[in-house]
Amino acid sequence: MQSVKAPASMEVDTCEHKSQGALPAKPNFEPLKAHEMSDGRVQFRKVSVPPHRYSPLKKAWMEIYTPIYEQMKIDVRMNLKARKVELKTRSDTPDISNLQKCADFVHAFMLGFDVIDAIALLRLDELYVESFEIKDVKTLRGEHLSRAIGRLSGKGGKTKFAIENATKTRIVIADTKIHILGSFQNIKVARDSLCSLILGSPAGKVYSKLRQVTARLAERF
C-alpha cells in the first residue's frame, strides 16, 4: 500500500513545480502620451486679457509664444474678438500638466509680471502667484490709502525691491491689488512684510524684521 502512495505524492509535487514555473511574462506597456491620457480629447485653457495689458501683450507676444509652443509643445493663439489667449494640447505634448503651467504663465503676465519673471512658472514646479487687496488687511480710504500704497513702494520703489531681494520673490502693486510670485515659504515672508507696511509700520522696522526672518530661513536650508 505504501509503495503505491509514494509515487502519487511525488507526481503532485512535480505538477506544482511545473505550474509555478510557467508564469506569464510581464506585459511591457509603452508610456501613454498626453492626448491618450485624456482619451484623445483636446484640452483647452482660456486666459482673459485686461484692457491695460493689451499693448504689452502685443509687444511681448513672441517672447510668450516661443517657450509655450516650442518647449512646452502647447498650441497658443490670441482670440481678438473675445480678447482671450487660448491654449490647447497637441498630439506631441509630453505632459498634460504643461497646459496648466502655460495658463499660469500667461495669467502671471496679465497680472503685470515681466516675461523674464513669469517664465519661471514653466521651469519650476514649486512656484505660485498669490493675490490680495489692501482692504483685506485694513480698510483704508482717501489719503490714508494713498499713503499705504506709498509705504509699500517706498521712494523710487526702494522698499518693494528690498522685500523682493530679501525674500526671492517678485511683487506687483497694481492700484490696491498686490500680486506676489514665489515659493510658498517666501510668499508668506513677503506677505507678512507688506501687511506690516499697510498697517502703518515704518520701513526701517520692517527691514530689521526681514533680516531676522531671512537669516533664519537661510539657516534652515
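As shown above, the structure is provided for reference.
Below is a short write-up of the structure. (Residues numbered from 1 in each chain as written. Predicted model: local features only at pLDDT ≥ 70, side-chain atom pairs only at ≥ 80, totals over all residues. Heavy atoms only, no water.)

## Considering the sheet that holds strand S5 (residues 170-174)
(1) Moving on: Read from one edge of the open sheet, three strands run S4-S6-S5, paired in antiparallel fashion. Every interior strand has two partners, whereas the edge strands, strand S4 (128-133) and S5, have only one. The sheet shows a mean angle of 15° between the axes of neighbouring strands, direction not considered.
(2) Moving on: Of the pairings in the sheet, the one linking S5 to strand S6 (residues 177-182) comprises five bridges and is antiparallel in character. By the bridge assignment, Val172 is partnered in S6 with His179. (Pairing = 2+ DSSP bridges. Helix = DSSP H or I, 4+ residues; strand = E, 2+ residues; numbered from the N terminus. Axes fitted to C-alpha atoms, helices over the stretch in contact; angles between N-to-C directions.)

## Some details on the side chain of Asn98
(1) Moving on: For Asn98, the location among the structural elements is in helix H5 (residues 97-111).
(2) Moving on: Since its relative accessible area comes to 7%, Asn98 is described here as buried.
(3) Moving on: Each residue touching Asn98, except ones within four places of it in the same chain, is listed here: Met72, Ile74 and Thr93. (Buried < 20%, exposed > 50% of the residue type's maximum accessible area, 1.4 Å probe, protein only. Contact = heavy atoms within 4.5 Å.)

## Observations concerning the packing of aromatic side chains
(1) Moving on: This structure, assessed with the given rule, holds two aromatic pairs.
(2) Moving on: A ring pair is formed by Trp61 and Tyr65, whose centres lie 6.3 Å apart and whose planes are at 35°; its orientation type is tilted. Taken together, the residues span about one helical turn, with Trp61 and Tyr65 both in helix H4 (residues 61-71) at a distance of four residues.
(3) Moving on: Residues Tyr65 and Tyr69 carry aromatic rings whose centres are separated by 5.4 Å and whose planes lie at 10° to one another, so their mutual orientation is stacked. With Tyr65 and Tyr69 both in helix H4 and four residues apart, the pair spans about one turn of that helix.
(4) Moving on: A relative accessible area of 23% means that Tyr65 is categorised as partly exposed. (Phe/Tyr/Trp six-rings, centres within 6.5 Å; stacked < 30°, edge-to-face > 60°.)

## Considerations on the pattern of salt bridges
Two side chains of opposite charge can pair, provided their charged atoms sit close to one another.
(1) Moving on: Scanning the model with the defined rule gives nine salt bridges in all.
(2) Moving on: Among the ionic pairs, Asp92 bridges to Arg90, the shortest N-O distance being 3.0 Å.
(3) Moving on: The class for Asp92 is partly exposed, based on a relative accessible area of 38%.
(4) Moving on: Taking the relative accessible area as the measure of exposure, Arg90 reaches 16% and is therefore buried.
(5) Moving on: Lys101 is paired through a salt bridge with Asp125; the nearest N and O atoms lie 2.9 Å apart. One end of the pair, Lys101, is in helix H5; the other, Asp125, is in the loop between helix H7 (120-123) and S4, with 24 residues separating them in the sequence.
(6) Moving on: Because the salt bridges share partners, they merge into one network encompassing Asp75, Arg90 and Asp92. (Salt bridge = Lys/Arg side-chain N within 4 Å of Asp/Glu carboxyl O.)

## Brief notes about the sheet that holds strand S1 (residues 44-48)
(1) Moving on: With antiparallel pairing, three strands are arranged side by side in an open sheet as S1-S3-S2. Single-partner strands in this sheet number two, and they are S1 and strand S2 (74-79). Taking the axes of each pair of neighbouring strands and ignoring which way they run, one obtains an average angle of 20° across the sheet.
(2) Moving on: By the bridge criterion, six bridges tie S2 to strand S3 (residues 84-89) in an arrangement that is antiparallel. Residue Asn79 lies in a different strand from S3, and its bridge partner there is Lys84.
(3) Moving on: H4 rests against S2 and S3 of the sheet, and its axis sits at about 150° to S2.
(4) Moving on: Where H5 meets the sheet, it contacts S1, S2 and S3, and its direction lies at approximately 5° from that of S1.

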